[in-house]
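A structural walkthrough
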Amino acid sequence: MKKKAAIPANNRRYWLFKSEPSAFGIETLAKAAQQTAPWDGVRNYQARNFLRDDVSVGDYVFFYHSREEPLGIFGTMEVVRAGYPDHTAFDPKSKYYDAKSDPDNPRWIMVDVKLMQKFDSPITREQLQQEPTTAGMLVLKRGMRLSIQPVTTAEWQAVMKLVK
DNA sequence: GCCAACGTTGGC
DNA sequence: GCCAACGTTGGC
């Protein structure tokens, strides 16, 4: 286990959210009204628990593109609304529909994010692997499927140093 | 497009 | 409550 990073004075936490750009990429967010959108469709309990219990307004988030080259971090977002029920689970027409999510006791949670910075060029997996600090990031671990991941302060700062 | 790794489901 | 079978994720 890694040592826990000290909690910054302002209490901000850092995260990495993963998405397939064919479904929802950084361009989608850039074009949204106020460059703000709900991060919906999370259907994994561990990720849901982070959204419900830990992700807070003012936290900073890396936007990571999976599945499609180039793989990597494309920009940063700020959390502008804390966890609330993911209503796509109640909509039978939604691809995220879940009949077992009861509106009176919602199973799935989403947060709203606002684009902060779209990088001129993404920080690729290869770059992350080459930097000692970022090489330990969860997203690089084999078999890591979690779509909402905590990022340490040191990792955040190390990634931002790579941004041109 | 392949397939290893993973999370979930369901029979027992 | 175990664990095999299944469906999905996501790097390669």
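Look up a bit, the structure's there.
Presented here is a report on the structure given in the accompanying data block. (Residues numbered from 1 in each chain as written. Chains lettered and ligands numbered in written order. Predicted model: local features only at pLDDT ≥ 70, side-chain atom pairs only at ≥ 80, totals over all residues. Heavy atoms only, no water.)

**Thoughts on the environment of Asp59**
Residue placement: Asp59 occurs in the loop between helix H3 (45-53) and strand S3 (60-65). When the C-alpha atoms of Asp59 and Val113 are compared, they prove to be 9.5 Å apart, with 54 residues separating the residues in sequence. There is a polar contact of 2.9 Å between the side chain of Asp59 and the side chain of Trp15. Here Ser56 takes part through its backbone nitrogen, which lies 2.9 Å from a polar atom of the side chain of Asp59. (Helix = DSSP H or I, 4+ residues; strand = E, 2+ residues; numbered from the N terminus. Polar contact = N/O pair within 3.5 Å; in protein donor to acceptor, adjacent residues only side chain to side chain.)

**Looking at the protein's contact with DNA strand C**
Taken together, Lys18, Tyr64, Ser66, Arg67, Leu71, Arg125, Met144 and Arg145 make up all the residues around DNA strand C. Lys18 is positioned such that a nitrogen or oxygen atom in its side chain is 2.8 Å from a phosphate oxygen of DNA strand C. One of the side-chain N or O atoms of Tyr64 is found 3.1 Å from a phosphate oxygen in DNA strand C. Of the residues belonging to the surface near DNA strand C, the class tally is three nonpolar, one polar and four charged. (Near = heavy atom within 4 Å. Nonpolar A, V, L, I, M, F, W, Y, C, P; charged D, E, K, R; others polar.)

**Things to note about the side chain of His65**
Along the chain, His65 turns up in strand S3. Within the structure, His65 has its side chain in polar contact with the backbone nitrogen of Ile26 (distance 3.0 Å). Leaving out residues up to four positions away in the same chain, His65 has contacts with Ser19, Pro21, Gly25, Ile26, Pro70, Leu71, Gly72 and Phe74. (Contact = heavy atoms within 4.5 Å.)

**Quick notes on the pairing of strand S5 (residues 109-124)**
In the sheet, strand S2 (residues 36-38) pairs with S5 via three bridges, with the strands oriented antiparallel. The partner of Thr36 across the bridge, within S5, is Lys114. (Pairing = 2+ DSSP bridges.)

**Some remarks on the nonpolar core**
If you look at the biggest cluster of nonpolar residues, it comprises 23 residues, and the most contacted ones within it are Phe17, Leu29, Trp39, Leu51, Met77, Val111 and Ile148. Mapped by element, the contributors of at least two residues to this core are strand S1 (14-19), helix H2 (26-31), H3, S3, strand S4 (72-85) and S5. Of all the elements, S5 adds the most residues to this core, at four residues. For Phe17, the contacting residues outside a window of four places in its chain are Trp39, Leu51, Val55, Val61, Phe62, Phe63, Tyr64, Met77, Val111, Val113, Ser147 and Ile148. Ranked by size, the runner-up nonpolar core spans 17 residues in total, among them Leu128, Met137, Val139 and Val159. (Core = buried A, V, L, I, M, F, W, Y, C linked by side-chain atoms within 4.5 Å. Buried < 20%, exposed > 50% of the residue type's maximum accessible area, 1.4 Å probe, protein only.)

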